[in-house]
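Fold and geometry: a report
Listed here are the chains, written in short residue letters.
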Amino acid sequence: MILLKKITKTNTMTDIFTSKKTIFLLFFFSFFNVFWSQNIQLSKDASVSVITCGLGNESYSLFGHTAIRIKDDINFVDAVYNYGAFDFNTPNFVPKFAKGDLEYFAVVNRYTDFINQYTYENRSVEEQELQIPLHFKQKLFENLNTSLASGDSHYTYKFIDKNCTSMVVDIINKTLGSTVITKKTDTDLTYRSILYPYFDHHFFEKLGTSIIFGSKVDQLGNKLFLPLELQKSLQLIQYNHQPLAPKNQTLLHFEESHPTSWWNNIYAYILMIAVLVIVNKKGIHYGYFTLMGILGLFFLFMGFYSNHLELTNNYNTLLFNPLLLILVVFYAKQNRIWTYRLALINLFSLLIYLVLLFNKTHLLIVLPLILTSAYFLIQITLKNKKPIPVII
């Protein structure tokens, strides 16, 4: 899948998960640190922070990253707990990810290692210290370490429902004993509308996610699942009659840079569509509708196969209609009756699709495909319409 954040590597550990030996060593040292840290009593000067890492230009970093930092200079503790790790050597890695069975887990890194990685990636890092009592800081510290040692930090990744941000929210709320951290911003927007701007400067990723996501992402986005959304909400949340995270401290700052590509942009997209329309031959019709139909079959398959609920109930199959494959067969066989009927059915599907898309964010990005499909289908319909006899 194109859009999911950490689909190729963890945001904080770019190269470490490349062999089973490193995974073993990572767990060994993590567990060693966990057992050692169980006996640490944090001092009154200890701090607990939510770390928000800036957006990158790789598919795994388009949405940023969330982590928790525990700092206590008196006890020589400065650790970052990161719920965004996975093993690249997992058998059947790609099928597991596509199905939604890929297991993610937490690791703990030294703060210096963590910040060095983001310095290398030229990505900004900001910190929000939580204003909670010392006994809750201690409890969160212990919960994090217990989670690592017991395996509770392992989870099956879900794009909206279970990721590095939601795991951080869950363990903090669990520690505080109530649902303190909730979403405070953009609750009147759909998940699709919230996600859409993250793909700016990545045109075909934006197009791909627009058409592979189904109706779930058109629900109102009331869950905290993105790092920047959590950061904005923390600034507004009150705890014990005071702001939970009143200050936002910048640890690393880099000016945003965006990739330039001669092909991954709207102009290349429009040019490709224009060439198809201008050439407008029967062979173009075959190729275009075959590709659209195959994509429709893929979307239907993923909707049934995958546990990612974002891929289910995909009404975009009204545009990428598998019936187009049958149309191509009858069109090639010059069966005028069924070519005409199937062209009309697909035109009707396009009309329904256009109505469904009327208030959706991705209407404009798929509109060229809608118009191209409608143009070709109308041509085929008129060409294969049975002539009405004239009686004199």
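Everything quoted here is computed from the prediction, not taken from an experiment.

Criteria and thresholds
- Residues numbered from 1 in each chain as written.
- Predicted model: local features only at pLDDT ≥ 70, side-chain atom pairs only at ≥ 80, totals over all residues.
- Heavy atoms only, no water.
- Phe/Tyr/Trp six-rings, centres within 6.5 Å; stacked < 30°, edge-to-face > 60°.
- Helix = DSSP H or I, 4+ residues; strand = E, 2+ residues; numbered from the N terminus.
- Buried < 20%, exposed > 50% of the residue type's maximum accessible area, 1.4 Å probe, protein only.
- Patch = residues over 30% accessible without salt bridge, like charges linked within 9 Å, V, L, I, M, F, W, Y side chains within 5 Å.
- Areas by Shrake-Rupley, 256 points an atom, 1.4 Å probe, with all protein chains shown as cover.
- Salt bridge = Lys/Arg side-chain N within 4 Å of Asp/Glu carboxyl O.

Taken as a whole and assessed by the stated rule, the structure comprises 23 aromatic pairs. Judged by centre distance (5.0 Å) and plane angle (40°), the rings of Phe114 and Tyr118 are tilted. Taken as a pair, Phe114 and Tyr118 lie in helix H3 (residues 111–120) at a separation of four residues, close to a single helical turn. With a centroid separation of 6.0 Å and an interplanar angle of 25°, the aromatic rings of Phe330 and Trp338 are classed as stacked. For Phe330, a relative accessible area of 23% puts it in the partly exposed group. According to the relative accessible area criterion, Trp338 is partly exposed, its value standing at 39%. Pairwise contacts between aromatic rings join Phe63, Phe159, Tyr191, Tyr198, Phe199, Phe213 and Phe225 into one cluster.

Moving on: the environment of Leu344. Within the element layout of this structure, Leu344 appears in helix H12 (residues 336–356). Judged by relative accessible area, which is 37%, Leu344 ranks as partly exposed. Along the chain, Leu344 and Thr381 lie 37 residues apart, while their C-alpha atoms are 6.8 Å from each other.

We now examine a nonpolar patch on the surface. On the surface, Phe348, Leu351, Ile352, Val355 and Leu356 cluster together into a nonpolar patch covering about 470 Å² of accessible area. Residue position: Leu351 is located in helix H12.

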